[in-house]
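If you want the building blocks of each chain, they are given just below.
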Amino acid sequence: MKYVESLNQALHRLLDKDSRVLLLGEDVLDPYGGAFKVSKGLSTAFPDRVFTMPISEAAIVGMGTGLAMRGMRPVVEIMFGDFILLAADQIVNSATKFPLMFNSKISVPLVIRVPMGGRRGYGPTHSQTLETFFMNTPNLDIIAPSHLHDPGQLLENAVLASDGVTLFVENKSLYAQELMDINQPHAIFEFQKLGGSEDLLYPTIKVSIRDVEKQDIVLIAYGGMSPFVLQAAEKAFFEEEIAVTCLLVSQVKPLPMGTLRRVCASVGKVLIVEESLKYGGWGAELSAQLHQSQAKNSPIHIRRIGASEFVIPSSKELEEKMLPQVQDIYQATKDLFNEC
Amino acid sequence: MKYVESLNQALHRLLDKDSRVLLLGEDVLDPYGGAFKVSKGLSTAFPDRVFTMPISEAAIVGMGTGLAMRGMRPVVEIMFGDFILLAADQIVNSATKFPLMFNSKISVPLVIRVPMGGRRGYGPTHSQTLETFFMNTPNLDIIAPSHLHDPGQLLENAVLASDGVTLFVENKSLYAQELMDINQPHAIFEFQKLGGSEDLLYPTIKVSIRDVEKQDIVLIAYGGMSPFVLQAAEKAFFEEEIAVTCLLVSQVKPLPMGTLRRVCASVGKVLIVEESLKYGGWGAELSAQLHQSQAKNSPIHIRRIGASEFVIPSSKELEEKMLPQVQDIYQATKDLFNEC
Amino acid sequence: MLVNLSEELYRKVILIRLFEERVLTLFSQGKLSGTTHAYIGQEANAVGVISHLREEDTVFSNHRCHGHYLAKTGDAVGLLAELMGKETGICSGLGGSQHICNRNFFSNGIQGSYMPIVVGMALTEKLRNTSAVVTAFIGDGTLGQGVVYEAFNIASLYQVPLLVVIENNRIAQTTPIELNLAGSIAARTQAFGIATTELDTTDAEVIFDCAGEIIANMREDRRPHALIINSQRLGPHSKGDDTRTEEAIADMRRLDPVPLLEARLTNQAREQLRAEANEIISQAEFLANQSGVRSLEMAK
Amino acid sequence: MLVNLSEELYRKVILIRLFEERVLTLFSQGKLSGTTHAYIGQEANAVGVISHLREEDTVFSNHRCHGHYLAKTGDAVGLLAELMGKETGICSGLGGSQHICNRNFFSNGIQGSYMPIVVGMALTEKLRNTSAVVTAFIGDGTLGQGVVYEAFNIASLYQVPLLVVIENNRIAQTTPIELNLAGSIAARTQAFGIATTELDTTDAEVIFDCAGEIIANMREDRRPHALIINSQRLGPHSKGDDTRTEEAIADMRRLDPVPLLEARLTNQAREQLRAEANEIISQAEFLANQSGVRSLEMAK
Ligand SMILES: Cc1ncc(C[n+]2csc(CCOP(=O)(O)OP(=O)(O)O)c2C)c(N)n1
Ligand SMILES: Cc1ncc(C[n+]2csc(CCOP(=O)(O)OP(=O)(O)O)c2C)c(N)n1
Ligand SMILES: [Mg+2]
Ligand SMILES: [Mg+2]
């Protein structure tokens, strides 16, 4: 099953099983079914519960907030995640703030779906990874399934099992990707689903080189970077015999630090990989927390890779130079292995 | 001279000496002169170049962008920094992006003044420190003078010496504060202005305990936290004989890493203090970079203090529990001193 | 429905007026801190409209929300305690003057930001086939905010039972409407296909009658409506920040809704209702002073 | 001014039409990647309006900007190279189809976001006492964005020489105007006090005449103006994403601005101008293919 199908089916299930679930977004009606087809078929099956919206991103999020405050379970689709900044005030100063400032008198169970990421040649305003903008928003969950997760299940969790605001990040480059079944044996990797009380709904997938005991380096990544880190891990192992363990996080915020710390502490070398800007990005907080968690005599060496401080060029060739590639991750892995 | 006077006089000078300088903002006209009086007197002295604006924060920033693209040097005032998120799209997807995506064919010399910070009992939507939201915006400078800086001079630099977009952060709690003249001898501290090529316009002030050679801990802070860290440093020295060096940064982004690294590397213990949310805040990137800069056998131990993950309560007593206080900094300094 | 309409409206109007005056006094005595935005002069709007609302009808208000809140709930105790930052406050001191929430009443301090939120709330009422209406209060200055028009458009497209009360006091903080607003307010709401009524009065009874008809219709036809009330802010924007001339304000005072209603009451009724209101407020102050501050422990 | 108006307008219209068709072909052949938004069917708008603009007049456009750009600059070479991501592209491949900048021409891909920016630009012209006008093109769907109204309001308050051309093709991506827009477009701009002209035509000459008068006036009176042009998008929104029926589109084709102009030309003029346009485009394609990709080295 493809990533996009998993999400689409989950929305069908959600609308089917819970009458509080509603869908709002631009161009979501059939036959179009949304710019990336995640909403395909929904308006046909549930004509009264799928609402096409004008080009009004702030109002789309605001409407979702109002519906949620009155007991609905709205899922709003932002056509391109780049447009989420139009709703930044709505997210920070209303949706997430109301439950806190109103002393928990109300809840806002709202899911905001944001297709993020580049690699499609859409250029500077249609390719960004902007969820990191919201890293210091209290009371906001940021969730981003990889192709090793069950994206549909995670979406269901966000819609029904969470009572708060969720920014649900779908990397555009994953939509057409076949999901990887981590319960099937794999030629190179072995998989383990990690999670405790802090990340129950949104597990982290641990990927290690099959039948290899040693672990030299931990790569931490999420969402659209997942296929890249797996390839880099494979390459590092076969070309350099570096044993890389990948942690594919789905709970981008709050960081599942318990889970991550346990793995990182024992390995001691960590490379954080993200598609968003490295500067002030996701890895910054993660690095700061990992640093602070170092035990007295076992230091952790942390490095980060992310997009460069620039716009995302339209030209495919130039875009590649901006965003982290397999080769970059592989190189940084080697460097870290040799450096510390 | 008070912080607010320094800014106000700088605006007078700017309008006086450069006809490209314009001022836009809500309620900036005399006799009111802006909510915090930074714009006082300007509309009287320069009636044709001070523009009162409707309650349209996105458009205020957008207008500034358009004026700047046509060769003006606009300074726009956002009444409360909390409203800057209404202009997030304007800042990220237009003002800062144009010079990059248009291949440097144009420049956008725009200064956006944002009064940030709490401690006035204004509550959840009028007390925040939101500049950290923009930490991962390429091509944006974030500047925040402390009361040891010359705020007016820094504002002049941002308006005339920079050709890019500057988010100029004024902590509301500093407005009424008397500026400290670092060239005057001080009973307890000695001062040094640091800066190299990367932070020429916006220096860092180094504050050490007078006549004390040893340095136990470096406190790094900016803007509104500056009076607090100085008090904590004083307390730590007199009560615990911990010699604290404070680095008061004014160039919040890009971080003046050369300057900071030099001081931190030699001391080895760093406490980063910020008024914005610790989680995903300014200190996250700073910590990540300091960590990565550690030399082989001289580790740096980094700790962070910031606002809690919550809203800023209206009640003064509750607000105090949310925001970092002298006691918190003092305690964290002691802990770090004893811990590592 | 009401025994004596003038008396019933006055009961609420005078409670709001005296409450706001007490709040300003407490501020000037240093017994309150933070901020407040007095509703003085506009009481007739809140009372005239909200008197028609039921428990299940939602009201969303702005920075100048005390009047709306008192008209909807009568809860002076919770409001004053909230202003004082006390545990017994409506939001236990977290929200303060402009961020309150009690049952179906809400307010927020970001101008205009809740307009799409009320559209979502009104859509819920429509989907659930209730007869409830959602009412939002905004000021003339807030018509500068773009999201307001996004909300107008969607409210009209989906025909939701949203009443937008635009309190046009011809000023925003210190800026007169001429410098803030081009064109006309009524033309703006109408341009989005929203039925619009404009009132030029500070008479609570006139507002009451007009709002009654609008709201009764909305319970049937489930459509949005805009009610523009041209009125006067008689006090400062917040506290002590009035840049208008004494004369200008004196002029407005001739339309003060309080004496306007009082002229229709017996001396006895007036005195009694004033006394009752004062008693409620004093009691609220007493209770708020009794209350402590809630505990809050958070990592920094 | 022009020897033969029909010919001069057709020269530009046909360049845009053939350029856009070539772009779609290149996409279908896999020779272009990323995205594009064909201006096919709306060429008369760009040509009719922009033919009156001078070098110093600024144009700000949106995702569907190729036609506006070609009408303003005639620069097919730079545009095609930009679409191909080449170094010789207008922005050396950084911007691509919807983010271009050349002298006083700009476009951006966030709908509506540049409306306050053009107000700032137009204010600059006013302050500098030039006679330049600033023109912004937006679509009907973009009237959903709140910031557009913030800009209308300020443009009107400060009376800046901003011409807002609203190209109403009655569709936004796949959504018909009835589902996106309540009330009326002209009522909206007028509600903000902006003089408004509405045209129901795809005839470049009619648009030319009307725009000429508006722009000439604006050079004198320095006031904002809205020009609504009801027109037709004959191609897909982007490429191959048209959800409308064949019949609906065939119906619209009767108003195709190209044959409308061609009917006024001699066969010879028509063929010659077509040939010239094709030549320009082929030359542009040739040059773009010659160009390399710029270097870019950045830390990750
Ligand atoms: C988004 C935003 N911008 C600015 C402010 C600051 N502010 C608070 S009230 C006010 C004036 C509001 O005017 P109006 O809407 O007419 O309401 P009134 O105060 O007259 O009741 C302003 C500018 C704010 N709270 N929110
Ligand atoms: C803020 C924003 N929201 C959504 C989009 C995606 N989008 C691009 S074009 C378009 C439709 C625009 O419709 P209209 O303004 O009528 O212009 P047209 O395409 O008809 O020329 C949409 C929704 C966008 N680019 N920007
Ligand atoms: Mg007002
Ligand atoms: Mg359209």
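Along each chain, the written sequence defines residue order, and numbers are assigned to residues from 1. The naming scheme follows written order: chains are lettered A onward, ligands numbered 1 onward. Selection of residues for local features in this predicted model requires a pLDDT of at least 70, selection of side-chain atom pairs for listing and counting requires 80 or more, and totals for whole chains, interfaces and linings are taken over all residues. Heavy atoms throughout the structure, all of them, feed into the side-chain values; hydrogens and water do not.

J.: Would you mind going over the overall build of chain C with me for this structure?
T.: If you tally the helices and strands in chain C, you get 12 helices and 9 strands. In terms of its C-alpha atoms, chain C occupies a principal-axis envelope of roughly 55 × 50 × 40 Å. Look at the contacts in chain C between residues 6 or more apart in sequence, and 74% of them connect residues 24 or more apart. Working definition of accessibility: Shrake-Rupley area with a 1.4 Å probe, residue cover restricted to the visible protein chains. Just so you have it, chain C exposes about 10,000 Å², and 48% of that area is on carbon and sulfur atoms. Asp and Glu are treated as the negative residues and Lys and Arg as the positive ones, with His and the ends of the chain left uncounted. Positions of charges follow a simple convention, taking NZ of Lys, CZ of Arg, CG of Asp or CD of Glu. Positive and negative side-chain charges of chain C, numbering 27 and 36 respectively, have mean locations separated by a distance of 3 Å. Working definition: helices are DSSP H or I runs of at least four residues, strands are E runs of at least two. Numbering for both runs from the N terminus. By the convention used here, residues are in contact when the closest approach between their heavy atoms is within 4.5 Å.

J.: Would you mind showing me how to read the coordination of the magnesium ion (ligand 3) here?
T.: In ideal tetrahedral geometry, four donors around a metal make angles of 109.5 degrees, whereas ideal octahedral geometry with six donors gives angles of 90 or 180 degrees. Residues and elements named next belong to chain C. All of the protein donors around the magnesium ion (ligand 3) are D140 (OD), N169 (OD1) and I171 (O); their distances to the metal are 2.0 to 2.1 Å. Distances define the donors: N, O and S atoms within 2.8 Å of the metal qualify, as do those within 3.2 Å of Na, K or Ca. Water is excluded, so some sites may look unfinished. Along the chain, the residues that donate to the magnesium ion (ligand 3) are spaced as D-x28-N-x1-I. Of this pair, D140 sits in the loop between β4 (134-139) and α6 (146-157) while N169 sits in the loop between β5 (162-168) and β6 (171-172); the two residues are 29 residues apart in sequence, bridging distant segments of the chain. Take D140 and N169: they sit in the same class, and that class is buried. A simple rule labels every residue: compare its accessible area, found with a 1.4 Å probe on the protein chains alone, to the largest value its type can have, and call it buried under 20%, exposed over 50%, or partly exposed in between.

J.: Is there a simple way to think about the sheet that holds strand β2 (residues 101-102) of chain C in this case?
T.: Where strands meet in a sheet, backbone hydrogen bonds hold them as pairs that are either parallel or antiparallel. All names here are of chain C. A sheet is described by the order of its strands in space; here 7 strands give the open sequence β2-β3-β1-β4-β5-β9-β8, paired in mixed fashion. Only two strands of the sheet have a single neighbouring strand rather than two, namely β2 and β8 (195-199). Strands were regarded as paired on the criterion that DSSP finds at least two bridges between them. Looking at chain direction, strand β1 (residues 58-61) and β4 are connected through 3 bridges and run parallel. Within the sheet, the bridge partner assigned to T58 lies in β4 and is V134. Fitting a line to C-alpha atoms yields each axis, with helices limited to the stretch in contact; the angle taken between N-to-C directions then spans 0 to 180 degrees. Sheet contacts for helix α3 (residues 66-73): β1, β2, β3 (105-107), β4 and β5; angle to β3, the most-contacted strand, approximately 175°.

J.: Just checking my understanding: could you explain helix α7 (residues 226-240) of chain A for this structure?
T.: Note: α-helices contain 3.6 residues per turn, so residues at a spacing of three or four share the same orientation. All names here are of chain A. Given the number of residues in a helix, its expected span is that number minus one, multiplied by 1.5 Å. The end-to-end C-alpha separation of α7 is 20 Å, in line with the 21 Å expected for 15 residues at 1.5 Å each. Those residues of α7 not exposed but buried are S226, P227, F228, V229, L230, A232, A233, A236 and F237. Of the residues flanking the end of α7, it is E241, one or two places downstream, whose phi is positive at about 55°.

J.: Would you take a moment to explain the interface of chain D and chain C for this structure?
T.: By a frequent convention, interface size equals the accessible area lost on bringing the separate parts together. Residue-level contacts link 21 residues of chain D with 21 residues of chain C. A combined buried area of about 1,500 Å² lies between chain D and chain C, and 59% of that area is made up of carbon and sulfur atoms. Throughout this description, the term salt bridge denotes a Lys or Arg side-chain nitrogen within 4 Å of a carboxyl oxygen of Asp or Glu. At the junction of chain D with chain C, the criterion picks out 0 salt bridges. What qualifies as a polar contact is a pair of N or O atoms within 3.5 Å, subject to a donor-acceptor requirement within protein and to the restriction that residues adjacent in sequence count only when both atoms come from side chains. Joining chain D to chain C, the criterion identifies 10 residue pairs in polar contact (both at pLDDT 80 or more). Those elements that provide at least two residues to the side of chain D that touches chain C are α6 (146-157), α7 (177-180) and α8 (185-191) of chain D. Looking at which element gives the most residues to the side of chain D that touches chain C, the answer is α6 of chain D, with 7 residues. Buried area, as used here, totals the accessible surface that two parts lose on assembly, with accessibility defined by a 1.4 Å probe and the loss added over both.

J.: Sorry if this is basic, but what is going on with the relation of the copies chain D and chain C here?
T.: Least-squares fitting of chain D to chain C yields an RMSD of 0.0 Å, with the superposition described by an axial translation of 0.0 Å and a rotation of 180°. The two molecules are tied by a two-fold rotation axis, judged by turn and shift. For chain D, the residue whose C-alpha comes nearest the rotation axis is G146 of chain D, separated from it by 1.8 Å. Mapped onto chain C, 100% of the interface residues of chain D again fall at the interface, so both copies present the same surface. Copies are brought into register by a least-squares superposition over C-alpha atoms of residues with pLDDT of at least 70 in both.

J.: Would you take a moment to explain the site of ligand 1 for this structure?
T.: Around ligand 1, a shell composed of 22 residues is seen, among which E57 of chain B together with H63, R64, G141 and T142 of chain C lie nearest. A cutoff of 4 Å decides nearness: a residue is near a molecule or strand if any of its heavy atoms lies inside that distance of it. More than one chain reaches ligand 1: the nearby residues come from chains B and C. Within the backbone of G109 of chain C, an N or O atom sits 2.8 Å from a nitrogen atom of ligand 1. Between T142 of chain C and ligand 1, the recorded distance is 2.6 Å, taken from a side-chain N or O atom to an oxygen atom. Coverage of ligand 1 by the protein amounts to 98% of the 580 Å² it exposes when considered alone.

J.: So what exactly am I meant to see when it comes to the packing of aromatic side chains here?
T.: Any aromatic ring pair is given by two values, namely how distant the centres are and how the planes are angled relative to each other. Any pair of Phe, Tyr and Trp rings, taking the six-membered ring for Trp, is counted once the centres come within 6.5 Å. Such a pair is stacked with planes under 30 degrees apart, edge-to-face with planes over 60 apart, and tilted for the rest. Throughout the structure, instances matching the rule amount to 41 aromatic pairs over all chains. Ring geometry for F133 of chain A against F133 of chain B: centres 5.4 Å apart, planes inclined by 55°, an arrangement best described as tilted. Highlighted residues: F133 of chain A in the loop between β4 (110-116) and β5 (140-143) and F133 of chain B in the loop between β4 (110-116) and β5 (140-143), drawn from two different chains. Residue classification places F133 of chain A among the buried residues on the basis of a relative accessible area of 2%. Taken together, a centroid distance of 5.3 Å and an interplanar angle of 70° make the contact between F36 of chain B and F80 of chain B edge-to-face. One end of the pair, F36 of chain B, is in the loop between β1 (21-25) and α2 (42-45); the other, F80 of chain B, is in the loop between β3 (73-77) and α4 (88-95), and 44 residues separate them in sequence. Each member of the pair, F36 of chain B as well as F80 of chain B, is classed as buried. Positioned above the aromatic ring of F228 of chain A, the side-chain terminus of R119 of chain A is 3.9 Å from the ring centre. The ring of Y330 of chain A carries K235 of chain A above its face, with NZ or CZ at 4.6 Å from the centroid. The criterion for a charge sitting over a ring is simple: Lys NZ or Arg CZ within 6 Å of the ring centre, and within 35 degrees of the ring normal.

J.: Sorry, what's going on with the pattern of salt bridges here?
T.: Pairs can form between side chains of opposite charge whenever their charged atoms are close. For the structure on display, the rule yields 64 salt bridges over all chains. Two residues, R22 of chain C and E285 of chain C, come together in a salt bridge whose shortest N-O distance is 2.8 Å. One end of the pair, R22 of chain C, is in helix α1 (residues 5-28); the other, E285 of chain C, is in helix α12 (residues 267-290), with 263 residues separating them in the sequence. Salt bridges sharing common partners tie together R13, K17 and E156 of chain A.

J.: Got a minute to help me understand the coordination of the magnesium ion (ligand 4) in this structure?
T.: All names here are of chain D. Ligation of the magnesium ion (ligand 4) by protein atoms is provided by D140 (OD), N169 (OD1) and I171 (O), these donors lying 2.0 to 2.1 Å from the ion. In the primary sequence, the donor residues of the magnesium ion (ligand 4) line up as D-x28-N-x1-I. Here D140, found in the loop between β4 (134-139) and α6, pairs with I171, found in strand β6 (residues 171-172); they are 31 residues apart in sequence, far enough to count as distant. Each member of the pair, D140 as well as I171, is classed as buried.

J.: Is there a simple way to think about unusual backbone geometry in this case?
T.: Excluding glycine, a negative phi dihedral is what most residues carry, and trans is how most peptide bonds are arranged. Between K253 of chain A and the following residue, P254 of chain A, the backbone shows a cis peptide bond with an omega angle of -5°. Looking at where P254 of chain A falls in the secondary structure, it is placed in the loop between β11 (251-253) and α8 (257-267). With a phi angle near 55°, N129 of chain D is a residue other than glycine that sits in the positive phi range. Considering the arrangement of structural elements, one finds N129 of chain D in the loop between α5 (115-127) and β4.

J.: Looking at this structure, how should I read the relation of the copies chain A and chain B?
T.: Put simply, the second copy of the chain is the first one after a rotation about an axis and a shift along it. In screw terms, the move from chain A to chain B is a rotation of 180° and a rise of 0.0 Å along the axis, fitting with an RMSD of 0.0 Å. Most of the interface of chain A is mirrored in chain B, where 100% of its interface residues again form contacts.

J.: Please explain the nonpolar core as it appears in this structure.
T.: Membership of the largest hydrophobic core comes to 392 residues, with the highest contact counts inside it found for F134 of chain A together with I84 and F134 of chain B. Once residues lying within four places of it in the same chain are set aside, the contact partners of I84 of chain B are I78, I91, I112, V114, M116, L130, F134 and L167 of chain B. What is meant by a nonpolar core is a set of buried Ala, Val, Leu, Ile, Met, Phe, Trp, Tyr and Cys residues, joined one to another through side-chain atoms within 4.5 Å.

J.: Can you help me understand the environment of A46 of chain C in this one?
T.: Note on placement: A46 of chain C falls in helix α2 (residues 43-50). C-alpha separation for the pair A46 of chain C and G139 of chain C, spaced 93 residues apart in sequence, amounts to 13 Å.

J.: Got a minute to help me understand the interface of chain A and chain B in this structure?
T.: Counting from both sides, the interface comprises 47 residues of chain A and, opposite them, 48 residues of chain B. Looking only at chain A, the three residues that lose the most surface to chain B are F133, N136 and Y279 of chain A, adding up to 19% of its buried area. In this structure, the connection of chain A to chain B is made through 4 salt bridges. The partner of E285 of chain B in a salt bridge is R304 of chain A, and the shortest N-O contact between them spans 2.9 Å. Applying the counting criterion to the chain A and chain B interface returns 21 residue pairs in polar contact (both at pLDDT 80 or more). Those elements giving two or more residues to the side of chain A that touches chain B turn out to be α4 (88-95), α5 (97-101), α9 (282-292) and β13 (301-307) of chain A. Broken down by element, the side of chain A that touches chain B gets its largest block of residues, 7 residues, from α9 of chain A. Residues belonging to the side of chain A that touches chain B are distributed by class as follows: 22 nonpolar, 14 polar and 11 charged. As a working rule, the residues Ala, Val, Leu, Ile, Met, Phe, Trp, Tyr, Cys and Pro are called nonpolar, Asp, Glu, Lys and Arg charged, and the rest polar, with Gly in that last group.

Purely geometric numbers; function is a separate question.
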